[in-house]
Amino acid sequence: MNTRTVYVPTPGGTALATDVCLPDGTRPLPAVLIRTPYGREAHRAELRGWAAHGFAALAQDVRGRHGSPGEWHPYRDHERTDGAATVAWVRAQAWSNGEVVAVGASYAAYCALVTALAAPEAACDAGPDADLDSFHRDGVPDNLRRDGVPDAVIAAVPALGLTETAREPGGPERLWARAGWWAAHGDRRDSDPDALARALADDPRLLEHLPVARLAERLAASLGRELPSWSGLWADRARGRLVALGSTARLPLLAVGGTRDPFAEDTVALWRGWGGPSRLLLGPWGHRLTTDPAAPARARVNLGALYVRWARAALAGRLEPTRHGAIALGDSGRWHSTRLRSTPRPASTQDATPQDATAQEGAEWRAGADRPEAESRWSFDSPTGLRLLHGAEFNADPDRPVRSDDLAVPADGERADRCLLLSPPLPRPLDLAGAAVARINVTADTPCADWAVRLTALDPTGRADPLAFGIVRRTGPPGEAADISVPLGTLGRRLPAGTRLRAEIAGHHFPAHARNPHTGEDPVTATRLAPSRRTVNPRGSALHLPVVARRRYVEPAPEICR
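Residues numbered from 1 in each chain as written. Predicted model: local features only at pLDDT ≥ 70, side-chain atom pairs only at ≥ 80, totals over all residues. Heavy atoms only, no water.

Engineer: Tell me what's going on with the overall build of the protein chain, and back it up with residues and numbers.
Structural biologist: A count of helices and strands for the protein chain gives 15 helices and 21 strands. In the structure as shown, the protein chain presents an accessible area of about 23,100 Å², 50% of it carried by carbon and sulfur atoms. (Helix = DSSP H or I, 4+ residues; strand = E, 2+ residues; numbered from the N terminus. Areas by Shrake-Rupley, 256 points an atom, 1.4 Å probe, with all protein chains shown as cover.)

Engineer: Summarise the sheet that holds strand β8 (residues 278–283); cite the residues concerned and give the values.
Structural biologist: By way of backbone hydrogen bonds, the strands of a sheet pair with one another, either parallel or antiparallel. As summarised here, the arrangement of the 11 strands in space is β1-β2-β4-β3-β5-β6-β7-β8-β9-β10-β21, forming an open sheet in which the pairing is mixed. The outermost strands of the open sheet, each flanked by one partner alone, are β1 (2–9) and β21 (553–554). As defined by bridge partners, β8 adjoins strand β9 (residues 323–328) across 5 bridges and the pair is classed as parallel. When the bridges of β9 are listed, L280 appears paired with G325. Of the strands in this sheet, β1, β2 (15–22), β3 (29–36), β4 (56–61) and β5 (96–105) touch helix α2 (residues 78–91), which is tilted by about 155° from β3. Here helix α13 (residues 303–315) sits on the sheet in contact with β3, β5, β6 (152–156), β7 (253–258) and β8, set at roughly 155° to β6. (Pairing = 2+ DSSP bridges. Contact = heavy atoms within 4.5 Å. Axes fitted to C-alpha atoms, helices over the stretch in contact; angles between N-to-C directions.)

Engineer: Can you explain the pairing of strand β18 (residues 482–495)? Please cite residues and give values.
Structural biologist: Across the 14 residues that make up β18, a large majority, 10, are buried. Sheet topology places strand β15 (residues 430–444) next to β18; 12 bridges connect them, and they run antiparallel. Residue pairing in the sheet places A433 in a bridge with G492 of β18. (Buried < 20%, exposed > 50% of the residue type's maximum accessible area, 1.4 Å probe, protein only.)

Engineer: So what's going on with the environment of E414? Which residues, and what values?
Structural biologist: Within the secondary structure layout, E414 lies in the loop between β13 (393–396) and β14 (419–422). When its relative accessible area of 64% is taken as the criterion, E414 is described as exposed. Residues E414 and H390, 24 residues apart in the sequence, show an inter-C-alpha distance of 8.6 Å.

Engineer: Hey, could you go over the pattern of salt bridges for me, with residue numbers and the actual values?
Structural biologist: The final tally for this structure, using the stated rule, is 33 salt bridges. Where D203 meets R218, a salt bridge forms, and the shortest distance between an N and an O atom there is 2.7 Å. Taken together, the positions of D203 in the loop between α8 (195–202) and α9 (215–223) and R218 in helix α9 put the pair 15 residues apart, joining distant regions of the chain. On the basis of relative accessible area, D203 is assigned to the buried category, the value being 17%. In this structure R218 comes out as partly exposed when scored by relative accessible area, which is 27%. For D450, the salt bridge goes to R473, with nearest N and O atoms at 2.7 Å. (Salt bridge = Lys/Arg side-chain N within 4 Å of Asp/Glu carboxyl O.)

Engineer: Kindly report on the confidence of the model for the protein chain, identifying the contributing residues and their values.
Structural biologist: When pLDDT is averaged along the protein chain, the result is 89; 89% of the residues meet or exceed 70. Below a pLDDT of 50 lies the segment residues 119–139, which in the model reaches 42 contacts outside its immediate sequence neighbourhood of four places, other chains included. Note that residues 343–372 has pLDDT below 50 and, in this model, 47 contacts with residues that lie over four places away or in other chains. (pLDDT = per-residue confidence, 0-100.)

Engineer: An account of the packing of aromatic side chains is needed here, citing residue identities and associated values.
Structural biologist: Ring pairs (aromatic) are described by centroid distance and by the angle formed between their planes. Applying the stated criterion across every chain yields a total of 11 aromatic pairs. On the basis of an interplanar angle of 65° and a centroid distance of 5.4 Å, the ring pair of W72 and Y107 is categorised as edge-to-face. Of this pair, W72 sits in the loop between β4 and α2 while Y107 sits in helix α3 (residues 107–116), placing them 35 residues apart in sequence. Judged by relative accessible area, Y107 falls into the buried class, the value being 1%. (Phe/Tyr/Trp six-rings, centres within 6.5 Å; stacked < 30°, edge-to-face > 60°.)

Engineer: I'd like to hear about unusual backbone geometry, residue by residue, with values.
Structural biologist: With an omega of -5°, the peptide bond running from L210 to P211 counts as cis. When you line up the elements, P211 lands in the loop between α8 and α9. At the junction of F510 and P511, the peptide bond is cis and its omega measures out at 10° in the coordinates. Structurally, P511 is set in the loop between β19 (500–506) and β20 (532–546). Even without glycine at this site, Y75 takes up a positive phi of about 65°. Among the structural elements, Y75 can be located in the loop between β4 and α2. Note on Y75: relative accessible area 10%, which makes it buried. With a phi angle near 55°, D187 is a residue other than glycine that sits in the positive phi range. Here D187 shows up in the loop between α7 (175–185) and α8.

Right, here's the structure in full:
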């Protein structure tokens with residue numbers, strides 16, 4: 001095989017640095033394309049792996065990053081047009097058989113998706129009854145509309161947009177992760193992954209800076225450079241553009257995520273709403289898709305081999321026209337099958353059901369979800385559920401917030417800063433696969449309050465292992481009791497007998513999330529913080545977990561590739 005660097009022209013005249021790795025021989029080949037802001041050279045081993053399996057493999061630096069000229073503007077529309085131009089260029093090469101799979105992880109998954117879909121900016125401006133198919137025709141030259149769409153997409157741990165990465169679905173701002181990403185990659189041509197760590201070593205209280213919108217000014221002193229795009233990150237509030245556009249797609253999708261990835265629910269939503277054949281692989285991974293080094297060999301999956309197998313099946317038209325997948329039960333080595341039995345909701349008709357759907361499928365369609373095997377309710381006021389230890393009333397003080405980077409909890413309830421609950425030991429192993437939620441009856445004495453729920457598994461020795469987390473923002477009259485739901489994400493875990501579940505309900509989760517000022521002001525622009533007195537009513541609250549009642553164990557690769 002051989003690798004060379006070429007410069008692929010785009011409609012605006014900018015030529016993008018692209019590594020092309022071809023296997024030996026002269027026969028036309030299918031191609032895989034990776035467009036990344038993190039440096040194409042980091043993908044050279046991956047390109048050789050694809051080439052070894054008979055694919056032409058390409059990795060390209062996006063506009064304004066590393067070897068590609070131009071200006072770097074994350075999530076701007078040039079990613080769509082540049083991607084379409086590159087796919088069309090691939091198809092015009094003598095070594096191409098015309099088949100292209102767009103592949104990417106994190107921001108590179110966004111690049112792959114917008115190449116396959118319509119303009120997200122247009123979708124943002126459209127009403128709920130707009131014709132999303134029309135966006136495939138806007139702003140893209142005729143030849144790119146015809147030749148610039150890939151045949152299949154592999155989107156791993158997708159970072160779907162500014163809003164999706166900057167804010168939780170429930171509203172709170174993701175402070176630590178966004179500060180880290182912008183310090184490492186924002187407003188520069190190359191990357192510095194350790195930039196935030198060095199800045200925090202120099203200035204440990206950096207992330208306490210107010211207002212959050214001007215944090216970049218303080219960060220610039222440690223970085224030695226400005227971050228002019230930081231404030232614009234928080235201005236965008238449109239969520240779900242690519243998920244909505246995915247309902248119009250007809251090409252196959254492989255959505256890969258991790259139950260420990262902060263964007264896992266975006267991965268699930270993308271798979272759930274996709275219009276073509278779609279597969280979900282949700283493993284015991286974080287954003288880097290790496291397995292715990294202490295995990296047994298049976299818990300490991302060769303993602304490269306799985307990607308190749310799926311790409312061949314997708315290009316050959318062998319995938320069933322369904323949406324299904326597999327969720328890992330933690331590091332147990334077991335995978336549970338999951339599927340949606342209805343077709344995606346049309347983007348332009350919120351309440352329609354398919355004409356050929358059965359009554360049961362219609363109900364699943366309107367619910368928008370696959371049916372859980374069983375839902376287990378853990379009441380807060382039950383000896384067999386979660387027992388209140390302390391903190392039915394607590395003080396959420398932004399000057400002393402509950403820390404996201406510390407699993408230790410107070411030993412007693414004096415001056416409680418959270419509500420703390422604990423279950424009895426599990427009498428037998430418990431498999432969890434699916435969506436979890438905390439439904440709580442609460443009161444705050446401030447007009448705006450964040451409610452964070454952290455669920456931790458304590459093994460029989462007392463070792464704490466994070467299990468689930470969710471946070472939502474509620475506004476309303478001070479002192480008014482409210483029933484709120486806090487989604488805890490999609491779980492995949494096997495809990496051994498003897499495990500206890502510990503639940504914490506708090507008003508902050510800092511520095512992972514910005515502190516709510518409790519004044520009613522926007523947390524991004526607020527400069528004044530105030531404490532908030534909270535109450536949790538155990539009698540009206542419960543944890544709902546997706547317990548696997550009928551085990552459907554599968555091997556991940558065959559399940560994903562059928």
